[in-house]
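# Structural description and commentary
Take a look at the letters that make up each chain.
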Amino acid sequence: MARDVPTSRRAVLLAIFIAFGGSILVTAILCSSNSSLQEVRGFHIHTIKRFLFGYDMGVISGCLIMPDFIRRFGQEGMDGQYYLSSSRQSIIVSLLSAGTFCGAIAQAFTSDRLGRRGSILFWSAIFTVGVAIQTGTTYSLVQLVIGRYIAGLGVGSLSAIVPLYNGETAPKAIRGTILVIYQVQIISGIFLSYVLELGSHTIKNSASWRLPIGLQMVWGIILLSGMFFLPESPRHLLGTGRSNEARKVVAELNGVPEDDPLVIEIVEELDFAIRAENEGGKATWLECFSTRNALWRRTINGMMLQFIQQLNGQNFYYYYGDTFFQSAGAGLSPYIIQTVLGAVSVFGTLPALYFIEAWGRRKSLLLGAAAQAVCALIVAVVGYTTLAPTGTPTSALTARNRAGGDVVIAFAVFQVFSFGTTWGPTPWVYLGESFPLRVRPKSIALGSATNWFWNFMLSFFSPRIVDRIGPMIMMVFFGMLVFGYIYVYFAIPETKGLTLEEVDELYRSGIPPWRSVGWQPSEKHHHEVHEKGTSDSVEKP
């Protein structure tokens with residue numbers, strides 16, 4: 001196994017200088033794991049991508065109840081007051097998700113043709129254009145939703161390239177931690193949007209919503225500029241026959257000269273695995289579901305985890321929390337409640353940096369599903385039996401209504417915290433470390449597209465469902481969490497601490513997922529094969 005390489009003090013200082021959002025914490029984590037300067041650089045650029053989606057998710061929630069936003073894009077009621085119908089709310093929110101679904105699929109084509117780095121540059125520009133269209137609108141709902149769709153194309157494609165890139169570059173010892181930090185960046189983006197809207201919503205003109213929405217262009221420009229610090233994936237370089245460039249990148253990632261034995265060892269192992277994967281010709285979409293190396297199981301697992309993640313209630317709070325908590329009667333502004341939820345999400349995600357490796361993937365998912373199911377059940381039952389109907393004046397709320405609202409908000413906070421620690425980051429970690437290079441872009445695209453498809457369905461139908469059944473929508477999420485617990489127990493193997501090549505062997509071994517914790521690979525790695533002069537050590541054990 002390749003040895004670790006210490007990080008120089010100079011590399012740490014430079015990494016802090018170029019960092020973005022939570023950089024000191026992130027740099028400390030990476031450096032404690034013996035990461036090199038290029039790994040830290042690449043990581044910081046990718047955290048911005050996750051930050052973009054989190055920020056956009058949070059910012060639209062507050063806009064939906066801003067008076068100027070409602071006046072411009074809502075409808076005039078019989079009483080002369082403007083309002084946003086559930087239909088318009090769902091269209092405004094869901095068009096971003098529709099774009100992310102298409103973008104997640106489209107990146108599978110660009111990530112191979114343009115490379116990981118070229119794809120990131122292309123889709124970052126698309127995102128920035130979409131934000132500009134949104135910010136420049138005045139009264140046109142059509143222009144607003146078109147801008148959100150175009151921005152969604154960029155967000156969706158980048159969300160798929162992130163786990164793809166990190167699965168191909170990060171050392172296995174910190175791969176899970178690095179991918180977890182992306183969830184930290186999503187939550188940080190959400191939290192920052194809540195804080196900004198807490199201040200901007202009091203502005204009486206369009207700056208109340210243009211300011212938080214337009215600020216996304218700054219993040220897009222930072223991402224575009226940061227591409228100068230990002231190397232191409234060495235696996236992609238080797239897969240396209242650019243071995244000299246691959247050796248240079250591997251040397252930079254590990255902080256050693258190109259002729260170092262470590263570089264030779266890593267490149268030979270990668271090259272051997274790539275040639276074995278490519279023997280059958282160019283991969284097709286159908287191959288993602290082939291029986292070879294249990295690829296169908298891996299692809300289905302990746303898609304199912306993304307499906308379950310979207311329907312566990314968390315994103316409902318993010319998208320429609322401001323509107324939902326207006327009926328809770330807590331005596332606080334819904335903006336304040338959302339800001340508290342955002343802060344809880346940030347603090348809830350930080351423990352996952354430790355638990356993703358200490359607990360492993362399976363335990364994190366199982367414990368998270370159980371904890372969130374309890375919270376969702378309580379919110380549903382208490383909310384349905386005690387909350388006042390939507391639109392009830394605060395002065396008309398009874399003591400029972402207020403007490404019920406306090407319980408709903410408390411367990412919503414617990415659910416948000418549990419999600420951040422477990423189901424927030426873990427499905428993305430699993431997606432980034434489950435597939436061989438041959439089908440990785442397509443399989444990750446399918447997983448990401450599943451996430452965004454159900455994100456679209458959730459954002460489009462949630463306001464309509466809440467209009468009909470109110471807080472009982474949480475029973476839908478409760479049922480999904482129960483299903484998620486059962487599915488993880490019987491279908492998801494433990495991949496903690498395994499290289500991408502060892503994950504291949506895990507699936508080929510046929511070990512039941514509930515017995516996979518502690519599983520050890522039995523195959524020899526290529527560098528051992530090279531030393532022995534043999535050629536058959538990669539056969540199925």
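As recorded by an unreviewed UniProt entry, the protein carries the name General substrate transporter and is attributed to Suillus fuscotomentosus. Its UniProt record, at the heading Subcellular location (unreviewed entry), says of the protein: "Membrane". In its Sequence similarities (unreviewed entry) section, UniProt records this for the protein: "Belongs to the major facilitator superfamily. Sugar transporter (TC 2.A.1.1) family."

Turning next to the overall build of the protein. Within the protein, the secondary structure is distributed over 24 helices and two strands. Here the protein, with 541 residues, has 60% of them falling under the buried criterion. If you take every contact in the protein between residues at least 6 apart in sequence, the share linking residues at least 24 apart comes to 79%. In the structure as shown, the protein presents an accessible area of about 20,700 Å², 64% of it carried by carbon and sulfur atoms.

Position of lysine 248 among the secondary structure elements: in helix 12 (residues 243-254). We classify lysine 248 as partly exposed; its relative accessible area is 46%. The spacing of lysine 248 and valine 263 is 15 residues in sequence and 8.6 Å in space, taken between C-alpha atoms.

Moving on, we come to the nonpolar core. Of all hydrophobic cores here, the largest spans 41 residues; its most connected members are Leu305, Tyr317, Trp423, Met474, Val488 and Ile492. Elements represented by at least two residues in this core include exactly helix 14 (295-310), helix 15 (314-325), helix 16 (334-349), helix 18 (361-386), helix 19 (399-421), helix 22 (473-491) and helix 23 (500-509). Within the second largest apolar cluster, 20 residues are counted, among which are Val59, Leu84, Leu144 and Trp219.

In total, this model carries 17 aromatic pairs according to the counting rule given. Here phenylalanine 69 and tryptophan 209 contribute two aromatic rings whose centre-to-centre distance is 5.7 Å and whose plane-to-plane angle is 80°, an arrangement assigned as edge-to-face. Taken together, the residues phenylalanine 69 in helix 4 (residues 67-73) and tryptophan 209 in helix 9 (residues 207-214) connect sequence positions 140 residues apart. In this structure phenylalanine 69 comes out as buried when scored by relative accessible area, which is 0%. Taking the centre distance of 5.9 Å and the plane angle of 55° together, the rings of phenylalanine 101 and phenylalanine 453 count as tilted. Of this pair, phenylalanine 101 sits in helix 5 (residues 86-113) while phenylalanine 453 sits in helix 21 (residues 440-469); the two residues are 352 residues apart in sequence, bridging distant segments of the chain. Since its relative accessible area comes to 31%, phenylalanine 101 is described here as partly exposed. Joined through ring pairs, the aromatic side chains of Phe101, Phe307, Phe453 and Trp454 make up one cluster.

What follows deals with the packing of helix 18 against helix 22. For the pair helix 18 and helix 22, the least separation of the axes is 8 Å and the interaxial angle reads 160°. Here helix 22 runs roughly antiparallel to helix 18, going by the angle between their axes. Helix 22 is crossed by helix 18, and the crossing has left-handed handedness. Here Arg362, Leu365, Leu366, Ala369, Ala370, Gln372, Ala373, Ala376, Leu377, Val379 and Ala380 of helix 18 lie close against helix 22, whose contacting residues are Met474, Met475, Phe478, Leu481, Tyr485, Val488 and Tyr489. For the contact of helix 18 with helix 22, the per-class residue count stands at 16 nonpolar, one polar and one charged.

Below, the discussion takes up the packing of helix 6 (residues 115-136) against helix 10 (residues 216-226). To characterise two packed helices, one gives the angle between the axes of the helices and the distance between these axes. Close contact between helix 6 and helix 10 brings their axes to 9 Å; oriented N to C, the two are set at 165°. Considering the angle they form, helix 6 stands roughly antiparallel to helix 10. Crossing angle aside, the handedness with which helix 6 passes helix 10 is left-handed. Judged by residue contacts, Leu121, Ser124, Ala125, Phe127, Thr128, Val131, Ala132 and Thr135 of helix 6 engage Gln216, Met217, Gly220, Ile221, Leu223 and Leu224 from helix 10. Tallied by class, the residues present in the contact of helix 6 with helix 10 amount to nine nonpolar, five polar and no charged.

What follows concerns a nonpolar patch on the surface. On the surface, a cluster of nonpolar side chains totalling about 570 Å² of accessible area is made up of Val482, Tyr485, Ile486, Tyr489, Phe490 and Trp514. Among the secondary structure elements, tryptophan 514 is positioned in the loop between helix 23 and helix 24 (526-532).

Mean pLDDT over the protein: 77, with 78% of residues reaching 70 or higher. Mean pLDDT across the elements of the protein ranges from a minimum in helix 1 (residues 9-17), with 32, to a maximum in helix 22, with 94. Confidence over residues 1-46 falls short of pLDDT 50; this stretch has 91 contacts with residues more than four positions distant or in other chains. Confidence drops under a pLDDT of 50 for residues 524-541, and excluding neighbours within four residues, the segment shows 27 contacts in the predicted structure.

Quick look at the pattern of salt bridges now. Scanning all chains against the criterion turns up seven salt bridges. One salt bridge in this structure joins aspartate 68 and arginine 71, with 3.0 Å as the shortest N-O distance. Of this pair, aspartate 68 and arginine 71 both sit in helix 4, separated by three residues, roughly a single helical turn. Linking glutamate 287 and arginine 292 is a salt bridge whose minimum nitrogen-to-oxygen distance equals 2.7 Å. According to the relative accessible area criterion, glutamate 287 is buried, its value standing at 12%. For arginine 292, a relative accessible area of 38% gives the class partly exposed.

All right, on to the environment of aspartate 467 then. Mapped onto the fold, aspartate 467 is located in helix 21. Between the C-alpha atoms of aspartate 467 and serine 86, which are 381 residues apart in sequence, the distance is 7.8 Å.

Right, let's get into helix 14. Its 16 residues give helix 14 an end-to-end C-alpha distance of 23 Å, which sits within 8% of 22 Å, the value for a rise of 1.5 Å per residue. Turning to helix 14, its buried residues are Leu295, Arg298, Thr299, Asn301, Gly302, Met304, Leu305, Gln306, Phe307, Ile308, Gln309 and Gln310.

This part is about unusual backbone geometry. Phi angles above zero are rare outside glycine, and asparagine 293 is one such case at about 55°. With respect to the element layout, asparagine 293 can be found in the loop between helix 13 (261-277) and helix 14.

Checked against the element boundaries, threonine 137 lands in the loop between helix 6 and helix 7 (141-169). Those residues in contact with threonine 137, other than ones at most four positions away along the chain, are Phe73, Gln143, Leu144, Trp209 and Arg210.

With respect to the secondary-structure elements, alanine 273 resides in helix 13. Taking the C-alpha atoms as reference, alanine 273 lies 10.0 Å from glycine 239; in sequence the two are 34 residues apart.

What counts, and at which threshold
Residues numbered from 1 in each chain as written. Predicted model: local features only at pLDDT ≥ 70, side-chain atom pairs only at ≥ 80, totals over all residues. Heavy atoms only, no water. UniProt positions renumbered as here; feature names shortened; annotations may be inferred. Helix = DSSP H or I, 4+ residues; strand = E, 2+ residues; numbered from the N terminus. Buried < 20%, exposed > 50% of the residue type's maximum accessible area, 1.4 Å probe, protein only. Contact = heavy atoms within 4.5 Å. Areas by Shrake-Rupley, 256 points an atom, 1.4 Å probe, with all protein chains shown as cover. Core = buried A, V, L, I, M, F, W, Y, C linked by side-chain atoms within 4.5 Å. Phe/Tyr/Trp six-rings, centres within 6.5 Å; stacked < 30°, edge-to-face > 60°. Axes fitted to C-alpha atoms, helices over the stretch in contact; angles between N-to-C directions. Parallel < 35°, antiparallel > 145°, perpendicular 65-115°, else oblique. Left-handed = near helix turned anticlockwise from the far one by under 90°. Nonpolar A, V, L, I, M, F, W, Y, C, P; charged D, E, K, R; others polar. Patch = residues over 30% accessible without salt bridge, like charges linked within 9 Å, V, L, I, M, F, W, Y side chains within 5 Å. Salt bridge = Lys/Arg side-chain N within 4 Å of Asp/Glu carboxyl O. pLDDT = per-residue confidence, 0-100. Expected span 1.5 Å × (residues − 1).

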